[in-house]
Amino acid sequence: MKPGYRAYACVGVGAVTAWGSAAAPAAQPLSRHQVALQLDTGATAWMITATALVLMMTLPGLALFYGGMVRRKNILATMTQQVAISALVTVLWFLVGYSLAFGVGSDALQPWIGGLDAALLNGVRPDTAHNLAKGLPEYLFFAYQLTFAIITPALITGAFAERMKFTGLLLFMTLWHVLVYAPVAHWVWGGGFLGKANVLDFAGGSVVHVNSGVAGLVCALFLGPRRGYGREMMAPNNLVYTTIGAALLLVGWIGFNAGSAGAADSIASVALLNTILAPMAAALTWMAVEWRERGKPTLLGLLTGVVAGLVAITPAAGFVEPKAALIIGAVSGPVCYASAVWLKNRLKYDDSLDAFGVHGVGGLLGALLTGVFATAAVNPSVGEHGVLQQAYGLVVTILWSALATFVILLVCKHTTGLRVTPEQEIEGLDYTLHGEALHE
Amino acid sequence: MKKIEAIIKPFKLDEVKEALQEIGVQGMTVIEAKGYGRQKGHSETYRGAEYVVDFLPKLKIEVVVPDDLASQVVEAITNAARTGKIGDGKIFVSQVQEAIRIRTGETGPSAI
């Protein structure tokens, strides 16, 4: 049996055994991350909705957003990546991800990683809740957090669009979920050391965007640019799809940010409002810069501005006043324009769909500005905070994401391989990887 | 019989079609094409990445007519398709060896 398959087989046997032996009777002890559920029906209703919204951000939001931006011969393959990642991460989250991120293992390890106490949803029952969300059934908390675990790696695909092997993708994502996503989520949200150091990240500026953005940059540099980058015609095949995708991202982001309040209350409401104000301000400032630099305001520019603003407000959404959200959004437009357009063209790396330029840099900016604008007047849980704490959280996230992603890429390179052959790249991934094509 | 092939700007199709109908041309074939001549392409910019698109959309019209109608057809197309700006297109006239109506099997000028 090939080495990778042995691991899958062991996990498979373990899963079936655990499933078969799931005991039923009453009054079971609570795991260390759990409390008895104190059902908050308003919060639960909202969070079920928010879960759907965030899932929609990936399927089909990101699929369409990215799909429309690649060349026609790769659109199906690009969408396939989104669906495959969603499926893969769902199973991984069930097997180990949730437990590693939000479980509690040993006290000694808790600052760094959770345990395997909740692997395969062990101990999770209809009457339990995670201590972070006492009013939500734990199944719901699990599901909501799953949608974040799904979209984070899905964002990375933008960096290596149009040249990644499918087998390499699957292995990469499996390793990345366990070694990068789960730990970082644990550090910031799951009771780990960054959360304890008062690093503020309301909805995932670091956990999702800086994390995936930096990983994306490392991937783009490691894999190298697409054949013909800078010379050949690589214009988006259909900006209508990209528009629909961006709109789904915008609406879905309401679930992403307002849902991170975990409740149906004022904090969720200010997060909602901030999630609309910031992207609109960013769209206008991006458009202004582009109009001046390039002579015409573009649709893609407006859409990218919207996304940049959404990314930047993500760590801040439930911590800052609406006027601060407008400022954060307005600043993120030109800053992300500089990183996605100017910096990339200057340094000539092929971060194809600007995973780093928009998500990495936008998340970084947003995280820093969260340190500036967070206020207890909006959210009483805002305690000691500041730009230095935010910078600390960013440095840790960036270093770990970069380092671990690099190691994972090495592993993939020497096992599954990472990059398609030049012939496959020229003919297009739709047909060469998946045997499918668009027909008129 | 003569075949007249005309590359024209797409928005001129209706005018050309009407002009041909006026002189008694019964049918035509229209093909979507792209091309360039002295009219260079244009550039599009996506997030700062500039792409020069050499090819412009064009239409190719083909009609086959009896020899005595050919010069009228050329004149009609020329007048209808001209804008005076670069990229108006070109017309080619060639000899047709044989023509057959599929439904009836007729050949020659009565087939067109």
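Note that the coordinates shown come from a computational prediction; the quantities given were computed from them, not determined experimentally. Within every chain, residues take consecutive numbers counted from 1 along the sequence as written. For naming, the first written chain is A and the first written ligand is 1, with later ones following in the order written. Under the rules for a predicted model, residues below a pLDDT of 70 receive no local features and side-chain atom pairs below 80 are neither given nor counted, while totals for whole chains, interfaces and linings still include all residues.

Q: I tried to follow the overall build of chain A on my own but got confused; where do I start?
A: A run of DSSP states H or I qualifies as a helix once it reaches four residues; a run of E qualifies as a strand once it reaches two. Both are numbered from the N-terminal end. A count of helices and strands for chain A gives 15 helices and 2 strands. All radius of gyration figures rest on C-alpha atoms, and the globule criterion is 2.2 Å times the number of residues raised to 0.38. The C-alpha atoms of chain A give a radius of gyration of 21 Å, which matches the 22 Å a tight globule of 440 residues would have. For the C-alpha atoms alone, the extent of chain A along its principal axes is close to 65 × 60 × 40 Å. Throughout, a residue-residue contact means that the two C-beta atoms, derived from backbone geometry, are no farther apart than 7 Å. Long-range contacts, defined here as pairs at least 24 residues apart, represent 79% of the contacts in chain A between residues at least 6 apart.

Q: How should I be thinking about the overall build of chain B in this particular structure?
A: For chain B, the count of helices and strands is 2 helices and 6 strands. Ordered by position from the N terminus, the helices and strands of chain B form the series β-α-β-β-β-β-α-β. Here the C-alpha radius of gyration of chain B, 17 Å, is well above what a compact globule of 112 residues would show, namely 13 Å. The C-alpha extent of chain B, read off along each of the three principal axes, is 60 × 30 × 20 Å. We call a residue exposed when 12 or fewer other C-beta atoms sit within 10 Å of its C-beta, buried when the count reaches 20 or more, and partly exposed for counts in between; the C-beta positions come from the backbone. For chain B, the proportion of its 112 residues judged to be buried stands at 19%. A separation threshold of at least 6 residues defines the contact pool for chain B, and within that pool the share at least 24 residues apart is 69%.

Q: Please clarify how the packing of helix α2 (residues 41–67) of chain A against helix α3 (residues 75–102) of chain A should be interpreted in this entry.
A: Any two packed helices are characterised by how steeply their axes cross, that is the angle between the axes, and by the distance between the axes. All names here are of chain A. Working convention: axes come from line fits to C-alpha atoms, limited for helices to the stretch in contact. Angles between N-to-C directions cover 0 to 180 degrees. Viewed as axis vectors pointing N to C, α2 and α3 meet at an angle of 155°, and their least axial separation amounts to 9 Å. By the angle between their directions, the pair α2 and α3 is classed as roughly antiparallel. The way α2 lies across α3 gives a crossing that is right-handed. The residues of α3 that touch α2, namely those facing T58, L59, L62, A63, Y66 and G67, are I75, T78, M79, Q82, V83 and S86. Charged residues are taken to be Asp, Glu, Lys and Arg, nonpolar residues to be Ala, Val, Leu, Ile, Met, Phe, Trp, Tyr, Cys and Pro, and polar residues to be all remaining types, Gly included. Grouping the amino acids of the contact of α2 with α3 by side-chain chemistry returns 7 nonpolar, 5 polar and no charged. Under this scheme an angle from 65 to 115 degrees is roughly perpendicular, one under 35 degrees roughly parallel, and one over 145 degrees roughly antiparallel; angles in between are oblique. Each crossing gets its hand from how the near helix is turned against the far one by less than a right angle, where anticlockwise is left-handed and clockwise is right-handed.

Q: Looking at this model, I keep getting lost on the sheet that holds strand β5 (residues 56–65) of chain B. Mind explaining?
A: Working definition: the strands of a sheet are paired by backbone hydrogen bonds and lie parallel or antiparallel to each other. All names here are of chain B. Whether two strands pair depends on DSSP finding at least two bridges between them. Spatially, the 4 strands line up as an open sheet ordered β2-β5-β1-β6, and their pairing is antiparallel. The open sheet terminates on both sides in strands that have one partner only, identified here as β2 (29–35) and β6 (89–95). In this sheet, adjacent strand axes meet at a mean angle of 20° when their direction is disregarded. Seen against the sheet, helix α2 (residues 70–81) touches β1 (2–8), β5 and β6 and runs at an angle of roughly 5° to β1.

Q: How should the packing of helix α8 (residues 239–258) of chain A against helix α10 (residues 299–313) of chain A be read in this particular structure?
A: Residue and element names in this part refer to chain A. Between α8 and α10, whose axes approach to 10 Å, the crossing angle comes to 15°. Of the possible angle classes, the one that applies to α8 and α10 is roughly parallel. Between α8 and α10 lies a crossing of left-handed hand. Residues L239, T242, T243, A246, L249, L250, W253 and N257 of α8 form the contact with α10, whose own contacting residues are L299, L300, L303, V306, V307, L310 and I313. Of the residues assigned to the contact of α8 with α10, the class counts are 12 nonpolar, 3 polar and no charged.

Q: How should the interface of chain B and chain A be read in this particular structure?
A: Much of the literature gives interface size as the accessible area that the parts lose upon coming together. Residue-level contacts link 6 residues of chain B with 12 residues of chain A. Tallying contributions element by element places strand β3 (residues 42–46) of chain B first for the side of chain B that touches chain A, with 3 residues. Within the side of chain B that touches chain A, the residues separate by chemical class into 2 nonpolar, 2 polar and 2 charged.

Q: Just to check I follow, could you spell out the environment of R82 of chain B for this structure?
A: All names here are of chain B. Mapped onto the fold, R82 is located in the loop between α2 and β6. Among the residues examined, R82 registers 14 C-beta atoms within 10 Å and is labelled partly exposed. Taking C-alpha positions, R82 is 9.0 Å from K9, a pair spaced 73 residues apart along the chain.

Q: I tried to follow α2 of chain A on my own but got confused; where do I start?
A: The α-helix advances 3.6 residues per turn, and as a result positions three or four apart in sequence lie on the same side. Here the expected length of a helix is defined as 1.5 Å per residue gap, with one fewer gap than residues. Here α2 of chain A is 27 residues long and its end C-alpha atoms lie 38 Å apart, about the 39 Å a rise of 1.5 Å per residue gives. Along α2 of chain A, the sharpest change in direction is near 40° and occurs at G61 of chain A. The quantity called bend is, for any residue, the angle between two axes fitted respectively to the seven residues ending at it and the seven beginning at it.

Q: What should I look at first to understand α3 of chain A in this one?
A: All names here are of chain A. Helix length check: α3 (28 residues) gives 35 Å between terminal C-alpha atoms against 40 Å at 1.5 Å per residue, more than 12% under. W93 marks where α3 bends most, by close to 65°. Of all 28 residues in α3, 21 are buried, a share of seventy percent or more.

Q: Is there a simple way to think about the pairing of β2 of chain B in this case?
A: Regular strands place their side chains on alternate faces of the sheet. Residues and elements named next belong to chain B. Taking burial as the measure, the 7 residues of β2 include 0 buried ones, a minor fraction of the element. Summarising the sheet, β2 and β5 pair through 7 bridges and their orientation is antiparallel. Opposite T29, over in β5, you have E62 as the bridge partner.

Q: Would you explain the environment of K40 of chain B in this entry?
A: Residues and elements named next belong to chain B. Note that K40 resides in the loop between β2 and β3. Overall, the presence of 13 C-beta atoms within 10 Å leaves K40 in the partly exposed class. Linking K40 and F11, residues 29 residues apart in sequence, is a C-alpha distance of 18 Å.

Q: Is there a simple way to explain the confidence of the model for chain B in this structure?
A: Interpretation of the predicted coordinates at a detailed level should be avoided for regions scoring low in pLDDT. Mean pLDDT over chain B: 94, with 100% of residues reaching 70 or higher. Quick note on the complex model: pTM equals 0.89, ipTM equals 0.80. Note on scores: pLDDT gives the predictor's confidence for each residue, bounded by 0 and 100.

Q: Honestly, the pairing of strand β4 (residues 49–53) of chain B in this entry has me stumped. Any pointers?
A: Residue and element names in this part refer to chain B. Two elements, β3 and β4, share 5 bridges in a ladder whose sense is antiparallel. Bridge pairing in β4 links S43 to V52. Here β3 folds back onto β4, and the loop between the two strands holds 2 residues, one of which, R47, carries a positive phi near 45°.

Q: Quick question: what am I supposed to make of unusual backbone geometry here?
A: Apart from glycine, the bulk of residues carry a negative phi angle, and the bulk of peptide bonds sit in the trans form. Of the consecutive residues L59 of chain A and P60 of chain A, the connecting peptide bond is found in the cis state with omega at 5°. Inspection of the secondary structure puts P60 of chain A in helix α2. Unusually for a residue other than glycine, L121 of chain A sits at a positive phi of about 60°. Secondary-structure assignment places L121 of chain A in the loop between α3 and β2 (128–130). L121 of chain A sits in the partly exposed class, given 18 other C-beta atoms within 10 Å. Its identity as a non-glycine residue notwithstanding, R47 of chain B has a phi of 45°, on the positive side. Along the chain, R47 of chain B turns up in the loop between β3 and β4.

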